[in-house]
Amino acid sequence: LRSERPFLFDVHTHPMNEVLAETLGIEDLSRLHEEDDLQRLMAPLRTREGRRKFHESYDNFVTSCCIPLLHSLAMSKNIFHAGSTNSSSISYRYQAFPCIRVVRPGDTSQGPQCDTANGHSIGCLHFHVPLTASSGTNALYAESHPGKEDWHPLIAKSVGLGFIFDGARCLNFNMENTTDSTSVALDFVVSIYGDGGRQDYVDGDSLCNRTILEDRFSVEGPGFY
């Protein structure tokens, strides 16, 4: 499950790009840099009612697309029956609200980073879902395996393509955006865990348990997951 892989989704069923643009009051997310005040533009997302429609769209996407995808992949790889994990005790946990990655022309990232360095559990799987076309220097760059440093862009020629990768351990970053368009993408984590086993390590073939998934965000209390 930690191997990088792209996946397709139906933009008519999950029009998150359109819902986000409507929430922000703009027509085209890729022209977001033409707005003077990004903080003012994002203000609707800071209130429960303002973000309600987008939040519902995101929840629907995760629960009806992302989690079934992971479940199908895990079943095809026989992960639910690996080790001593009891298949009847499998649970899913996901980020309650996504990070919205906005990279405007001229913007740069903070440099290569991975989710564990930011406080996430090693058991988290990273989803990157572009809401605009992304290519060249406005795409997210990642390595395919921890320490491999084979940096490559996660390219989406149009909305409807997402990526799963081992963001907990693989470094990822944005370059300076030298294009003339803004890239907007959702970043969030999802994890599968089982309570049936006594495993306290990650071996790549078995599910994590609840103990491994304890991280800075879960310890701080409910709300993030």
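Owing to the predicted nature of the structure, the values given are computational and were not obtained by experimental measurement.

## Things to note about the environment of Phe224
Topologically, Phe224 is positioned in the segment after helix H4 (216-219). Looking at Phe224, the relative accessible area reads 23%, which means it is partly exposed. In this structure, the C-alpha to C-alpha distance between Phe224 and Tyr94, residues 130 residues apart in sequence, is 8.6 Å. Beyond its immediate stretch of four places on either side in the chain, Phe224 contacts Tyr94, Gln95, Ala96, Phe97, His120 and Phe217.

## Let's talk about helix H1 (residues 16-24)
Taking burial as the measure, the nine residues of H1 include seven buried ones, the bulk of the element. Every buried residue of H1 is listed here: Met16, Asn17, Val19, Leu20, Ala21, Thr23 and Leu24. Tucked inside the fold, the buried residues of H1 contact helix H2 (38-41), helix H3 (48-76), strand S3 (99-103), strand S4 (125-130) and strand S9 (183-194). Downstream of H1 by a residue or two, Gly25 has a phi angle that is positive, lying close to 80°.

## Structural notes on the nonpolar core
Grouped together as the largest cluster of nonpolar side chains are 40 residues, with contacts concentrated most on Leu24, Phe61, Val129 and Phe188. When residues of this core are traced back to their parent elements, those giving at least two are H1, H2, H3, strand S2 (90-94), S4 and S9. The element best represented in this core is H3, accounting for ten residues. Ignoring anything within four residues of it in the chain, the contact list for Phe61 reads Phe7, Phe9, His14, Met16, Cys66, Val129 and Phe188.

## Concerning the sheet that holds strand S8 (residues 172-174)
Within the open sheet, the three strands sit side by side as S6-S5-S8. Their pairing is antiparallel. Only two strands of the sheet have a single neighbouring strand rather than two, namely strand S6 (152-153) and S8. With three bridges connecting them, strand S5 (residues 140-142) and S8 associate as antiparallel partners. Across the sheet, Leu140 pairs through a bridge with Asn174, a residue of S8.

## Observations regarding the pattern of salt bridges
Going through the model one piece at a time under the given rule, you end up with eleven salt bridges. For the salt bridge of Arg40 with Glu35, the shortest nitrogen-to-oxygen distance reads 3.8 Å. Looking at Glu35, the relative accessible area reads 30%, which means it is partly exposed. Beyond isolated ion pairs, a larger network of salt bridges with shared partners links Arg2, Asp166 and Arg169.

## Quick word on the packing of aromatic side chains
Aromatic rings in a pair are described by how distant their centres are and how their planes are angled relative to each other. Tallying each qualifying case throughout the model produces twelve aromatic pairs. For the pair Tyr58 and Tyr94, a centre-to-centre distance of 6.3 Å together with 65° between the ring planes defines the contact as edge-to-face. Of this pair, Tyr58 sits in helix H3 while Tyr94 sits in strand S2, placing them 36 residues apart in sequence. Residue Tyr58 shares its accessibility class with Tyr94, and that shared class is buried. Relative to Phe188, the ring of Phe61 has its centre 6.4 Å away and its plane inclined at 85°; by these criteria the two rings are edge-to-face. Of this pair, Phe61 sits in helix H3 while Phe188 sits in strand S9, and the two are 127 residues apart along the sequence. A relative accessible area of 0% places Phe61 in the buried class. Taking relative accessible area as the criterion, Phe188 reaches 0% and is therefore assigned buried. Taken together, Phe7, Phe9, Tyr58, Phe61, Tyr94, Phe127 and Phe188 form an aromatic cluster joined through their ring pairs.

Here is what the cut-offs are and how they apply
Residues numbered from 1 in each chain as written. Predicted model: local features only at pLDDT ≥ 70, side-chain atom pairs only at ≥ 80, totals over all residues. Heavy atoms only, no water. Helix = DSSP H or I, 4+ residues; strand = E, 2+ residues; numbered from the N terminus. Buried < 20%, exposed > 50% of the residue type's maximum accessible area, 1.4 Å probe, protein only. Contact = heavy atoms within 4.5 Å. Core = buried A, V, L, I, M, F, W, Y, C linked by side-chain atoms within 4.5 Å. Pairing = 2+ DSSP bridges. Salt bridge = Lys/Arg side-chain N within 4 Å of Asp/Glu carboxyl O. Phe/Tyr/Trp six-rings, centres within 6.5 Å; stacked < 30°, edge-to-face > 60°.

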